[in-house]
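Structural description and commentary
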Amino acid sequence: MLAELGHFSLVLALLMAILLAIYPMWGAQRGQVLMMQTAKPLTVGLFLFTLFAYLCLTQSFLDNDFSIAYVAHNSNSLLPWYYQITAVWGGHEGSFLLWVLIFAAWAVAVAMFSGGIPQDILARVLAIMGMVGVGFYLYILLASNPFERLLPFYPVDGRDLNPLLQDFGMIIHPPLLYMGYVGFAVVFAFAIAALVAGRLDSTWARWSRPWTLAAWVFLTLGIALGSWWAYKELGWGGWWFWDPVENASFMPWLVGTALLHSLAVTEKRKAFKSWTVLLAIAAFSLSLLGTFLVRSGVLVSVHSFASDPTRGLFILGLLVLVIGASLLLYALRAPQLRSVGRHELLSRETMLIGNNILLCSATLVVLMGTLLPLVHKELGLGSISIGAPFFDEMFVYLIVPFVLLMVMGPLSRWKNQPVAALRNQMLAGLGLSVVAVVLLNMGRDGLSYMAVLGMALSVWIAIATVQEIRQRLSASKQGLAGLTSLTPSHWGMVMGHLGFAAMIMGIAMVTSYSVERDVRMTPGDSIELQGYEFRFLGVEALQGPNYSGHVAKLDVYEDGRKVSHLEAQKRFYTVQRNIMTEAAVDPGFTRDLYVALGEQLNNGDWALRVYVKPYIRWIWGGAALMAIGGLLSMSDKRYRMAKLAKVREHKVSAAGEAA
Amino acid sequence: MKRVGLFLLPLGLFLFIVVFLLQGLFSDPREIESSLLEQPVPEFRLPDVMDASIEYGPEVFEGELTLLNVWGTWCVTCAIELPFLTELRQQGVRIVGLYYEQNMDPDFGGKSLPQIRADIDRTLSQLGNPYVFNIFDESRDTSMDFGVTGAPETFLIDRQGKVRLHHVGDLNERVWQAKFLPLYQELSQ
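Residues numbered from 1 in each chain as written. Chains lettered and ligands numbered in written order. Predicted model: local features only at pLDDT ≥ 70, side-chain atom pairs only at ≥ 80, totals over all residues.

Quick look at the overall build of chain A now. Assigned secondary structure in chain A consists of 20 helices and 9 strands. Relative to a compact globule of 659 residues, whose C-alpha radius of gyration would be 26 Å, chain A shows 27 Å and is just as compact. For chain A, buried positions account for 51% of its 659 residues. Nonlocal contacts in chain A, meaning residues at least 24 apart in sequence, comprise 74% of its contacts between residues at least 6 apart. (Helix = DSSP H or I, 4+ residues; strand = E, 2+ residues; numbered from the N terminus. Rg over C-alpha atoms; globule rule 2.2 N^0.38 Å. Buried ≥ 20, exposed ≤ 12 C-beta atoms within 10 Å, placed from the backbone. Contact = placed C-beta atoms within 7 Å.)

So this is what it looks like as structure tokens:
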């Protein structure tokens, strides 16, 4: 019964989307207020019906209703309840339902929190969201219905959730990632609405910037979590694999980052207008492309869902409609846009152009690396594979100029920057960072050039960030008290850049200085790695709710002092007959100790894989810092137009509330 | 109007990508064309899995039309295709095995040779023995040279010792009829 209700509710949601796509847009074009006013209630309806459908599916999982095909394929009565809830997005159909739920949630958020935006613009934005929504609701209902029944012959028990997904990281990774992907739909809708209305001014940028930031923050966290999950769960200590699906999430992130910077220019300097719009379209298009790549089976990846050409064809059709139409609209309307801001060659604008060019080159590199094997094969040139070495090399080339611009940009002024001042600051920063790197590497033998380069770049960014704050302080002439006068969005930039610096440091250290050993051990054995002594205590049997397995216990000593106790597991999931490695990790600020349990050897010894990974936390810590930076920027008062407007209206002292 | 052309560029790029995505939808990414097709088999010197004193090289393929089947006792799908391969042998097809052991990690040693031989004997006596002999690819270099991605895989090698067909996955009645038989008959004339 629940499944039928959910299905029906989804049909109603589709109806809402159709109405939303038509009426508000019509009203906005004709200037009819009544029709424009339907946008909000329709959006709320869209969200509520989708939410209800989603809850129905979740309840079906909790009820172990194996007559529903999707539940039978992705759950099991022995699965713990929290994994039954997350199993809703463990397969293709359910994850798409989550996709549209989040889509509807973003739409409702726009409807709720855009009080300061003129009604016709809001109506258009929501109508665009409705149009995109129609396609995806149709897709769910026609090609990927999660409520399909297995009647009359349904299984007694389900096939269980993929064990890889039975992990805390997996509980939140997909929703976060989807929040990011789908969040770009908002800025996309703003861009298209502005193109349709023919009004692309700097207010457009101001409206869409907080939404872009929100989506970007979610995407950043989502990608970082995915990386952390892979590190923990796949058992070989890697944190990024250049897997096609990772790439698919990385591309919108790169373009989204470019968009954030470009929006800043459009907002403050009224320049780069058509470019910013293109980036907004590109960010969402790449999110959709990512969705397509994951679900169509076009590429080989660990992430692939069921590959069914008809579904792939449907999504591809949607892509062509949504992206093709918006790019066509762009081609027709964008040439009329004129950027008014003028700037000299040496100015912050130029640096940000450079930033955009490099980020877009990086996106193209990833796009090419991901799609080239496909293109190559379809051209009849045979199968090739492009792996980590290609991407690693390209990114090393890109990162050096990128960091250079990252150092110069914040130090430069808008419009025109005197050469001498910038040169002096940069030389000072470079000098300091070289000194810092020398100090940091004293006493380390076996230096790696890459690590030294990475550290220098990282420290340089950090120093430039401090220099920039100092510059602001001396300009405000308030001394340290001036720190409080810096806007939250300024602090956002500072945090974002520091986060990036931390990440480069982590990446450089981990790639160059990780040590790993494959060893065979009998209980009582110990091995020495990087000054750590790993003592193998033995292996015990393990019994979980839906798995059995072995757990290896180790104590780790440093200078004779016990620093950690590790328990690495090897699990056998009985229903899916899958073996899973649960690595044991002792996290640390400057190093991770990592042990994965291998096979038992013939004489009773165990194979173990032991790693010491320096500074790996910095990679995810850096991502977290960047996300915090994004949140800080969002909290800037100048984006609270609705509240400001209200405050002015009521003339009450609502200062506390506005903050 | 020159500006419009510039602004059409993104659309053009997108449509270009779509064409390939569309084609990609209807082809299997896991299907890999062997780079060895129409090439002579790679050079190798390897022992017989049962008797280390016998050594084989590319000359074993000369003069006779041969199926080279890559397998191992650890491989479940191989066990499934063994009965069909045995049937083929009874029909007079010459099948040579290229055997490799999965867990030959030099750090850990893995299975001992007598144990491997015992496992092979047991498997073949249970499921049928299609092989004239088995080449033992101890270090897995030769499988690498052949472009083997896993087991089972089967190569059709002609009388001149050239690779004519490379099949990834199990060889069953359907695959044999559709993919191998026409070429096999043509080559055996």
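The strands that make up a sheet pair up through hydrogen bonds in the backbone, lying either parallel or antiparallel. Residue and element names in this part refer to chain A. One open sheet holds the 4 strands; their spatial order is S1-S9-S8-S7, and the pairing between them is antiparallel. Because the sheet does not close on itself, it has two edges, and the strands there are strand S1 (515–521) and strand S7 (584–586). Each strand axis lies, on average, 15° off the axis of its neighbour in the sheet, ignoring direction. (Pairing = 2+ DSSP bridges. Axes fitted to C-alpha atoms, helices over the stretch in contact; angles between N-to-C directions.)

So, on to the nonpolar core. Ranked by size, the top nonpolar core spans 192 residues in total, and within it Ala 107, Leu 126, Ala 185 and Phe 188 of chain A carry the most contacts. It is helix H8 (residues 168–197) of chain A that contributes the most residues to this core, 19 residues altogether. Residue contributions to this core reach at least three from each of two domains, namely domain 1 (1–162) and domain 2 (418–513 + 618–658) of chain A. Setting aside residues no more than four positions away along its own chain, Phe 188 of chain A makes contact with Ala 280, Ile 281 and Phe 284 of chain A. Counting 29 residues, the second largest nonpolar core, distinct from the first, contains Val 70, Leu 85, Val 96 and Leu 156 of chain B. (Core = buried A, V, L, I, M, F, W, Y, C linked by C-beta atoms within 7 Å. Domains from an automatic or database assignment.)

Turning our eyes to something else, we now look at the packing of helix H1 (residues 2–30) of chain A against helix H7 (residues 119–143) of chain A. Helix-helix packing: each pair is described by the crossing angle between the helix axes and the interaxial distance. Residues and elements named next belong to chain A. Where H1 contacts H7, the two axes come as close as 7 Å, and the packing angle between them is 150°. Classified by the interaxial angle, the pair formed by H1 and H7 is roughly antiparallel. Considering how the two elements wind past one another, H1 and H7 form a crossing that is left-handed. When grouped by side-chain class, the residues that make up the contact of H1 with H7 number 20 nonpolar, 3 polar and 2 charged. (Parallel < 35°, antiparallel > 145°, perpendicular 65-115°, else oblique. Left-handed = near helix turned anticlockwise from the far one by under 90°. Nonpolar A, V, L, I, M, F, W, Y, C, P; charged D, E, K, R; others polar.)

Turning our eyes to something else, we now look at the confidence of the model for chain A. Any segment with low pLDDT has predicted coordinates that should not be analysed in fine detail. All names here are of chain A. Across chain A, the average pLDDT comes to 86, with 94% of residues at 70 or higher. Mean pLDDT in chain A bottoms out at helix H20 (residues 655–658), which sits at 38, and peaks at helix H3 (residues 39–62), which reaches 95. Here residues 651–659 is a poorly scored stretch, pLDDT under 50, and it has 4 contacts once near neighbours within four places are set aside; other chains count. (pLDDT = per-residue confidence, 0-100.)

On to the domain arrangement of chain A. Here chain A is described as being made up of domain 1 (1–162), domain 2 (418–513 + 618–658) and domain 3 (515–615). Classifying every residue of the side of domain 1 of chain A that touches domain 3 of chain A by side-chain character gives 3 nonpolar, 2 polar and 2 charged.

Residues and elements named next belong to chain A. Reading across from one edge, S2-S3-S4-S5-S6 is the order of the 5 strands in this open sheet, with antiparallel pairing throughout. Edge positions in the open sheet fall to strand S2 (526–529) and strand S6 (578–582), since each of these has one partner strand only. Shown here is a sheet whose adjacent strand axes are inclined to one another by a mean of 25°, direction ignored. Summarising the sheet, strand S3 (residues 532–543) and strand S4 (residues 547–558) pair through 11 bridges and their orientation is antiparallel.

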